[in-house]
Amino acid sequence: MIQHLDDLVAKAKARGKRRLIVAYGQDSHTLEAVNDAVEAGIVDATLVGNPEEIEKVCKAEGIDMSRFTIVAENVDVNCVRIAVQMVSEGKGDVLMKGLVSTDKYMRGSLNKEFGLVPPKGVLSHVTVMEIPAYHKLLTIGDVAVIPYPDFAQKTAIAKYIIQTAKKLEIDVPKVACIAPSEQLLPGVQSSVEATLLAKMGERGQLGTKVYIDGPLALDVAINKEAAATKKLDNPVVGDADCLVFPNIDAGNVFFKSCTKFGGAELAAMVMGAKVPCVLTSRGDSKKTKMYSIALACLSAK
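Residues numbered from 1 in each chain as written. Predicted model: local features only at pLDDT ≥ 70, side-chain atom pairs only at ≥ 80, totals over all residues. Heavy atoms only, no water.

*Asks:* Help me understand the overall build of the protein, please; the structure alone is not making it clear to me.
*Replies:* Broken down by element type, the protein carries 11 helices and 11 strands. In terms of overall size, the protein behaves like a compact globule, its C-alpha atoms giving a radius of gyration of 19 Å where 301 residues would be expected to give roughly 19 Å. Taking the principal axes of its C-alpha atoms as reference, the protein extends roughly 60 × 40 × 30 Å. Within the span of the protein, comprising 301 residues, buried residues form 55% of the whole. Within the protein, counting contacts between residues at least 6 apart in sequence, those at least 24 apart form 71% of the total. (Helix = DSSP H or I, 4+ residues; strand = E, 2+ residues; numbered from the N terminus. Rg over C-alpha atoms; globule rule 2.2 N^0.38 Å. Buried < 20%, exposed > 50% of the residue type's maximum accessible area, 1.4 Å probe, protein only. Contact = heavy atoms within 4.5 Å.)

Dropping the structure here:
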């Protein structure tokens, strides 16, 4: 089982290089991360962006620009369109967001002309977090793409999280479906849907063998003492590998609390397209972006 985000890079290298296409890749954090990924031997990188701006940043950061293939384009939305088309045509294994805003990146990923997302496909953001206060990596979703998932979307979110946990070499992921309470509350939608997801998992309807429980309050999902106090005892409580959040409000607050208050580091990507799509904030560190590239390379076909 992969215990630390640093291990993602070693595992990705062992798989062999993947072809990375970066949309509007011309900011320092992105170029530093991509350069590190090239140096680590996990990708061959193509940057779609302004060559003059790329050269300027590379010189400032001491990066050898010749390591990259450059596709010249100055307009951010055009960079996304070109990058998506290249991936759709089989020229890339992983798509990555550079300096372009998330909304433009996501709209480009949904471009129906190039067929990156299958009909009725569900795109969802998956995050792997290394939290100093927790004893292992934690895979969570959705914190960035689907605001208020319906049950079909929530089922897709759960499946993506489980698939990612399997890439982390967790044979039987332990999945907690988060709600305000571990008691089934018929008037609370998140509680009812968590119960349904848990039952689906029991019956093998989530695509693989899992330990899954819900509804679970956050404390009993990640803290054995809290679970014991509430007389809960199963493989998931206090030892969850995965958290399925009821909506983006809950997921995003948890995510940002862990990173800003708890010193957590992370890797993140969007699943549901033909290839994994690296989606980090424009302000994220080069380390976060490097880990995200490694995670996407592990997940790529």
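Don't stop here, the text continues.
*Asks:* In this structure, what is going on with the state of the cysteines? I would like to understand it.
*Replies:* Linking two cysteines covalently through their sulfur atoms gives a disulfide. As enumerated under the stated definition, the model contains 0 disulfides in all. Residue C79 stays outside any disulfide, its sulfur separated by 15 Å from that of C58, the closest cysteine. Between C242, a free cysteine, and C177, which holds the nearest cysteine sulfur, the sulfur-to-sulfur gap is 9.9 Å. (Disulfide = S-S within 2.5 Å.)

*Asks:* Mind showing me how you'd approach the pairing of strand 3 (residues 69–72) here?
*Replies:* Regular strands place side chains that alternate from one sheet face to the opposite one. Bridge analysis of strand 2 (residues 43–49) against strand 3 gives 4 bridges, and the strand direction is parallel. Of the residues in strand 3, the one forming a bridge with L47 is I70. Following the backbone out of strand 2, through helix 3 (residues 51–61) and into the adjacent parallel strand 3, one traces a crossover that is right-handed. (Pairing = 2+ DSSP bridges. Right-handed = clockwise from strand over helix to strand, strands pointing away.)

*Asks:* How should I be thinking about the packing of aromatic side chains in this particular structure?
*Replies:* The description of two aromatic rings rests on the distance between their centres and on the angle between their planes. All told, the structure shown has 1 aromatic pair when counted by the stated rule. Measuring from centroid to centroid gives 5.2 Å for F245 and F254, while their planes differ by 40 degrees, and the two rings are tilted. (Phe/Tyr/Trp six-rings, centres within 6.5 Å; stacked < 30°, edge-to-face > 60°.)

*Asks:* Help me understand helix 3 in this model?
*Replies:* Residues three or four positions apart in an α-helix share a direction because the helix packs 3.6 residues into each turn. Among the residues of helix 3, I54, V57 and C58 are the ones counted as buried. The arc that holds the buried residues of helix 3, viewed along the axis, is 100 degrees, so those residues lie on one side. Facing away from the buried side of helix 3 by more than 90 degrees, the exposed set consists of E52, K56, K59 and A60. Of the surrounding elements, those touching the buried residues of helix 3 are helix 2 (28–39), strand 2 and strand 3. At the exit of helix 3 stands G62, carrying a positive phi of roughly 70 degrees. (Arc of directions from axis to C-beta.)

*Asks:* Quick question: what am I supposed to make of the packing of helix 6 (residues 151–167) against helix 7 (residues 189–202) here?
*Replies:* Describing two packed helices takes the angle between their axes plus the distance from one axis to the other. One way to put it is that helix 6 packs onto helix 7 with a least axis distance of 11 Å and a crossing angle of 50 degrees. Taken together, helix 6 and helix 7 sit at an angle that is classed as oblique. Along this stretch, helix 6 crosses helix 7, giving a crossing that reads as right-handed. Between helix 6 and helix 7, the residues in contact are F151, K154, T155 and A158 and E193, L196, L197 and M200, respectively. Looking at side-chain class alone, the contact of helix 6 with helix 7 contains 5 nonpolar, 1 polar and 2 charged residues. (Axes fitted to C-alpha atoms, helices over the stretch in contact; angles between N-to-C directions. Parallel < 35°, antiparallel > 145°, perpendicular 65-115°, else oblique. Left-handed = near helix turned anticlockwise from the far one by under 90°. Nonpolar A, V, L, I, M, F, W, Y, C, P; charged D, E, K, R; others polar.)

*Asks:* How should the packing of helix 1 (residues 5–15) against helix 11 (residues 286–299) be read in this particular structure?
*Replies:* Running from N to C, helix 1 and helix 11 point in directions that differ by 45 degrees, and their axes come no closer than 8 Å. Relative to helix 11, helix 1 is oriented oblique. Here the hand of the crossing between helix 1 and helix 11 comes out left-handed. Mapping the contact onto sequence places L5, D6, L8, V9, K11, A12 and R15 in helix 1 and M290, Y291, A294, L295, C297, L298 and S299 in helix 11. Split into classes, the residues belonging to the contact of helix 1 with helix 11 amount to 10 nonpolar, 1 polar and 3 charged.

*Asks:* Help me understand the pairing of strand 4 (residues 94–97), please; the structure alone is not making it clear to me.
*Replies:* Burial of the side chains of strand 4 extends over both faces: V94 and M96 are buried on one face and L95 and K97 on the other. Of the pairings in the sheet, the one linking strand 4 to strand 11 (residues 277–278) comprises 2 bridges and is parallel in character. Bridge pairing in strand 11 links M96 to V278.

*Asks:* I keep staring at the pattern of salt bridges and nothing clicks. Help me out?
*Replies:* Pairing of side chains with opposite charge becomes possible as their charged atoms draw close. Taken as a whole and judged by the stated rule, the model has 18 salt bridges. Notably, a salt bridge pairs K286 with D36, separated by 3.7 Å at the nearest N-O pair. Taken as a pair, K286 in helix 11 and D36 in helix 2 lie far apart in primary sequence, 250 residues in all. The exposure class assigned to K286 is partly exposed, which follows from its relative accessible area of 35%. A relative accessible area of 23% means that D36 is categorised as partly exposed. Note that K56 is salt-bridged to E53, the shortest N-O span being 3.5 Å. You can see K56 and its partner E53 sitting in helix 3, 3 residues apart, about one turn around the helix. Overall, K56 belongs to the exposed group, its relative accessible area being 52%. Salt bridges sharing partners connect three or more residues here, namely K136, K174, D239 and D241. (Salt bridge = Lys/Arg side-chain N within 4 Å of Asp/Glu carboxyl O.)

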